[in-house]
Amino acid sequence: MNLSFSFVIPVYNRPDEIKELLESMVQQTYTKPYEVVIVEDGSTIDSKSVVLEFSDRLTISYFEKVNSGPGDSRNYGMRKAKGDYFIILDSDCILPQGYLEEVEKSLRREFVHCFGGPDAAHESFSLVQKAINYAMTSILSTGGIRGNKKGLGKFQPRSFNMGISKKAFEDVGGFGNIHPGEDPDLTIRIWDKGYRTKLIPEAYVYHKRRIDWNKFYIQVNKFGMVRPILNKWHPKTAKMTYWFPTFFCLGLLLSLLLITVGLFLPILCYGIYFLLLFLDALLKTKNLSVAFLSLLAVCIQFFGYGYGFLKSTIWVNFSKRQPWELFPKLFFKTD
C-alpha cells in the first residue's frame, strides 16, 4: 500500500498557534515525504510570515481565502492537497514526535478510509486547560466519545485530529457548513456510504482547547445546540445518552430543592458522583488543583451542553423554520 499523507490545517487569526504546530511537525520521526497545507480562513492577522519560516524544512503550501468556516476551509485544503490520505488538524494542536509513524503503522495493519485520534494535555498547558481536557475526555463525563478505548458506541472521529482518504472525501463530498457539528455530520455520511472508521489510540495530539471558562462555556453550549440538528438530519443516530447533561442539571436542581423537605438521598448520590470525578481526575492528572478545577469544568460542560441541547431540541422540533434560520450563528455561508 502506498500512503501519501497531506496535513490540512485551517487557521483563523492564530499565527502563534500554527507556529507551535509546525515546530512539532519538524520534530516528526517519520522519514517519508509528506505535505502540509495551511488554509488561511479570512484572517485579519495572517500566518504567512510564520509559514515562510518553515518553507525550507517542510513541504508546505499556504492558501488564503475569504472566511467561510473551518469545514469549508478543510474542503478547500483537501481539494488543493496532493496526497491520497488527508490528516485534518486544528491549529491549536501539537503533535508528539511519533504521531505520523503511528498513523501509518495502524493503517497498514488495518486500513480504514477514516480514522480519529484522541487528545491529551501537554505538560506546558495551564491548570485550566488541563482541567478542561479532563472534562472533555473522561469516560465519567463524556462517555469516552472523544478518543477513549472504552468509549460507548461506534467511534466518531473529531476534526481536531482526523484522517480521511481522498477516495472517501470525493465520494462523500467533505464537510458541511454547520459549525460545530461538522465532524459528526461528516462521519455519519461516511458510514452511510459504507466506509468504516476507527480510533488510533497511539495517534494522539496535545489539544489546547479553550483557555478560559467563558470560551469553554460558549463552546460546549454550541455542541449542545447542534446535536438536535444532527438528530433531525440523521434520525437513526439519535440516542437517549445525548439527554444526559440536561437530565443531570435538572436532577441536581431537583435534589437541592428536596433538601428543603428533608430528602437528602438524591443530593448524596450527586456528592458520590463528584467525589468519583475528583478522585479520577486526581489519579489521571496527579495534580490537586487540576482535580478541583475539573469539578468546575464538568459542571460548566454539563450546564452549557444541557441548556443548549434542551433549547435547540424545543426549537428544532416545534418550529416550522429551518435550523439555519433558527440558529444562524451555527452555520457559515459558502459559495
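For clarity, every value in this text was computed on a predicted model and none was experimentally measured. (Residues numbered from 1 in each chain as written. Predicted model: local features only at pLDDT ≥ 70, side-chain atom pairs only at ≥ 80, totals over all residues. Heavy atoms only, no water.)

K.L.:
Would you mind going over the sheet that holds strand β5 (residues 93–94) in detail, with residue names and values included?
P.N.:
Pairing within the open sheet is mixed, and its three strands lie in the order β5-β10-β7. A strand with exactly one partner marks an edge of an open sheet, and here the two such strands are β5 and β7 (119–120). Bridge count for β5 against strand β10 (residues 205–207) is two bridges, and the pairing is antiparallel. When the sheet's bridge partners are listed, Ile94 is paired in β10 with Tyr206. (Pairing = 2+ DSSP bridges. Helix = DSSP H or I, 4+ residues; strand = E, 2+ residues; numbered from the N terminus.)

K.L.:
If you had to explain the environment of Gly117 to someone new, which residues and values would you point to?
P.N.:
Tracing the sequence through the fold places Gly117 in the loop between β6 (114–116) and β7. In this structure Gly117 comes out as buried when scored by relative accessible area, which is 3%. (Buried < 20%, exposed > 50% of the residue type's maximum accessible area, 1.4 Å probe, protein only.)

K.L.:
Any chance you could break down helix α1 (residues 15–26) for me, citing the residues and the numbers?
P.N.:
Given a rise of 1.5 Å per residue, twelve residues ought to cover 16 Å, and the 17 Å separating the end C-alpha atoms of α1 matches this to within 8%. Check the buried side of α1 and you find it contacts β1 (5–11), β2 (35–41), α2 (48–53), β3 (59–65), β4 (85–89) and β5. (Expected span 1.5 Å × (residues − 1). Contact = heavy atoms within 4.5 Å.)

K.L.:
Give a description of the pairing of β1 that names residues and reports values.
P.N.:
The buried fraction of β1 amounts to seven of the seven residues, a majority that puts the element mostly inside the structure. On β1, burial covers both faces: Phe5, Phe7, Ile9 and Val11 on one face and Ser6, Val8 and Pro10 on the other are all buried. As paired elements, β1 and β4 share four bridges and run parallel to each other. Paired with Ser6 across the strands is Phe86, a residue of β4. As judged from the six bridges shared by β1 and β2, these two strands associate in the parallel manner. Each bridged residue has a counterpart across the sheet, and for Ile9 the counterpart in β2 is Ile38. Of the crossover connections in this fold, the one passing from β1 over α1 to the parallel β2 is right-handed. (Right-handed = clockwise from strand over helix to strand, strands pointing away.)

K.L.:
Residue-level account of the nonpolar core, with values.
P.N.:
In summary, soluble globular proteins display a tendency toward joint burial of nonpolar side chains. Phe5, Phe7, Met25, Ile38, Leu89 and Tyr99 are the most contacted members of the largest nonpolar core, which totals 34 residues. Ignoring sequence-local partners within four residues, the contact set of Ile38 consists of Ile9, Val11, Ile18, Leu22, Val51, Ile60, Ser61, Tyr62 and Phe63. Ranked by size, the runner-up nonpolar core spans 22 residues in total, among them Met136, Phe278, Ala291 and Val298. (Core = buried A, V, L, I, M, F, W, Y, C linked by side-chain atoms within 4.5 Å.)

K.L.:
How would you summarise the packing of aromatic side chains if you had to cite specific residues and measurements?
P.N.:
Enumeration over the complete set of coordinates arrives at 25 aromatic pairs. Here Phe7 and Tyr99 contribute two aromatic rings whose centre-to-centre distance is 6.3 Å and whose plane-to-plane angle is 35°, an arrangement assigned as tilted. Of this pair, Phe7 sits in strand β1 while Tyr99 is found in helix α4 (residues 99–109), placing the two residues 92 residues apart along the sequence. Classification of Phe7 as buried rests on a relative accessible area of 0%. Ring geometry for Tyr204 and Tyr206: centres 5.7 Å apart, planes at 80°, overall edge-to-face. Overall, Tyr206 belongs to the buried group, its relative accessible area being 18%. Taken together, Phe5, Phe7, Tyr30, Tyr34, Tyr85, Tyr99, Phe111 and Phe115 form an aromatic cluster joined through their ring pairs. (Phe/Tyr/Trp six-rings, centres within 6.5 Å; stacked < 30°, edge-to-face > 60°.)

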